[in-house]
Amino acid sequence: MKFGVVVFPGSNCDADCYHVVQTVLGHEVDYIWHQQASLTGYDALIIPGGFSYGDYLRTGAIARFSPIMPAVIDFANQGGLVLGICNGFQILLEAGLLPGAMLKNRSLKFICDKVNLKVKRNDTAFTNQLRVNEVITLPIAHGEGNYFCDEETLTALRDENRILFTYCNASGNEGVEYNPNGSVANIAGIVNRQGNVLGMMPHPERCSEKILGGMDGYSIFASILQSFQEAGR
Amino acid sequence: MYKANIYVTLKKGVLDPQGNAVKNSLHVLGYQAVSEVRIGKLIEVWLEADDEQNARRELEELIDRLLANPVIEDYQVEIVGVE
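Residues numbered from 1 in each chain as written. Chains lettered and ligands numbered in written order. Predicted model: local features only at pLDDT ≥ 70, side-chain atom pairs only at ≥ 80, totals over all residues. Heavy atoms only, no water.

K.L.:
I'd love a proper account of the nonpolar core, names of residues and values included.
P.N.:
If you look at the biggest cluster of nonpolar residues, it comprises 78 residues, and the most contacted ones within it are Phe 3, Leu 39, Ile 68, Phe 126, Tyr 147 and Phe 165 of chain A. At six residues, helix H2 (residues 69-77) of chain A tops the list of elements feeding residues into this core. Counting residues in each nonpolar core, the second largest holds 14 residues, with Ala 4, Ile 6, Ile 43 and Leu 47 of chain B among its members. (Core = buried A, V, L, I, M, F, W, Y, C linked by side-chain atoms within 4.5 Å. Buried < 20%, exposed > 50% of the residue type's maximum accessible area, 1.4 Å probe, protein only. Helix = DSSP H or I, 4+ residues; strand = E, 2+ residues; numbered from the N terminus.)

Laid out in structure tokens, this is it:
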């Protein structure tokens, strides 16, 4: 399987994603510079975290118009797997590949912490190595992870089962006190209607090796490999 | 050359944690009369256009595409000068 990690000026989790694919998963991976205008030969794309374009205007707003983005959007529309992490999630929202927008955290603080997440579905390309209602722990690091969408969109996300991860406590209970940033419906990660594009604020790439204190992120990458093998590609 | 002031504000109903923090701070300073604070952005744009109508059309297009996010933001355009 061949991954591409898209790099914008200000991305800062690109090397972590590259490392996980190459060293931990043992698969092929390339960096894809944002000035590139075409994409060929990739099975999955990772839009990494960071502060693309210094978060100017709105998070992800400028990156969304990088030369590489029409190719990323085509790739997603053709069913290619796209994983947007943190700033990558914000870019996917701005690009319209996922619905909604990000607001500043409720606390106004940049939060760097470990959070518990509840897995809502395991029949997706990103969660097939997890169990439904399993609680996993992943790091977060963001100032604008307060996911917002209107009522109509939230109803659609719920009806179409597109919420993959919610913030919760260690026993899996959701509640405002376990929601670090004020996100609507405790949302930490959502997929598009076709299920091939995931945006999530927590960082699986920072939690995919025992030496880093946890393997829960690995399960998400392992799910991608599994779904690729199942598809017989 | 036209000069426009574009005011981008959070939509009604969208929580503004920054505005709330500033409101609380104003209360601490004793300004109890302040009941709400909402923080937005002023974006100044200079552009070439044949006339004001075309300038406005161009501005609305570029705001919709980049300057404001319709999910969370509203905007107002004010053409303030011709140079």
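Picking up where we left off.
K.L.:
Explain the pairing of strand S1 (residues 2-10) of chain B to me, and be specific about the residues and the numbers.
P.N.:
All names here are of chain B. Burial analysis of S1 places seven of its nine residues in the buried class, the great majority of the element. Summarising the sheet, S1 and strand S2 (residues 41-47) pair through seven bridges and their orientation is antiparallel. Across the sheet, residue Val 8 finds its bridge partner in S2, namely Lys 41. As paired elements, S1 and strand S3 (residues 73-82) share nine bridges and run antiparallel to each other. Each residue of the ladder has a partner; that of Val 8, found in S3, is Tyr 75. (Pairing = 2+ DSSP bridges.)

K.L.:
If you had to explain the pairing of strand S4 (residues 81-85) of chain A to someone new, which residues and values would you point to?
P.N.:
All names here are of chain A. Counting buried positions along S4 yields five of five residues, so the element is predominantly enclosed. Relative to S4, strand S3 (residues 44-47) is paired through four bridges, and the arrangement is parallel. Within S4, the position partnered with Ile 46 by the bridge is Leu 83. One crossover worth recording links S3 to the parallel S4 by way of H2, and it is right-handed. The pairing of S4 with strand S11 (residues 197-200) spans four bridges and is parallel. Within S11, the position partnered with Gly 84 by the bridge is Gly 199. (Right-handed = clockwise from strand over helix to strand, strands pointing away.)

K.L.:
I'd love a proper account of the sheet that holds strand S10 (residues 187-191) of chain A, names of residues and values included.
P.N.:
Residues and elements named next belong to chain A. What the nine strands build is an open sheet, ordered S2-S1-S3-S4-S11-S10-S9-S6-S7; its pairing is mixed. Each of the sheet's edge strands pairs with one partner strand only, and the pair in question is strand S2 (28-33) and strand S7 (135-142). Ignoring strand direction, the axes of neighbouring strands in this sheet form an average angle of 25°. Across three bridges, the pairing between strand S1 (residues 2-7) and S3 is parallel. Following the sheet pairing, Phe 3 is matched in S3 by Ala 44. In the packing of H2 onto the sheet, contacts are made with S1, S3, S4 and S11, and the angle to S3 comes to roughly 130°. Along the sheet, helix H5 (residues 216-230) makes contact with S1, S3, S4, S7, strand S9 (163-168) and S11, crossing S7 at roughly 105°. (Axes fitted to C-alpha atoms, helices over the stretch in contact; angles between N-to-C directions. Contact = heavy atoms within 4.5 Å.)

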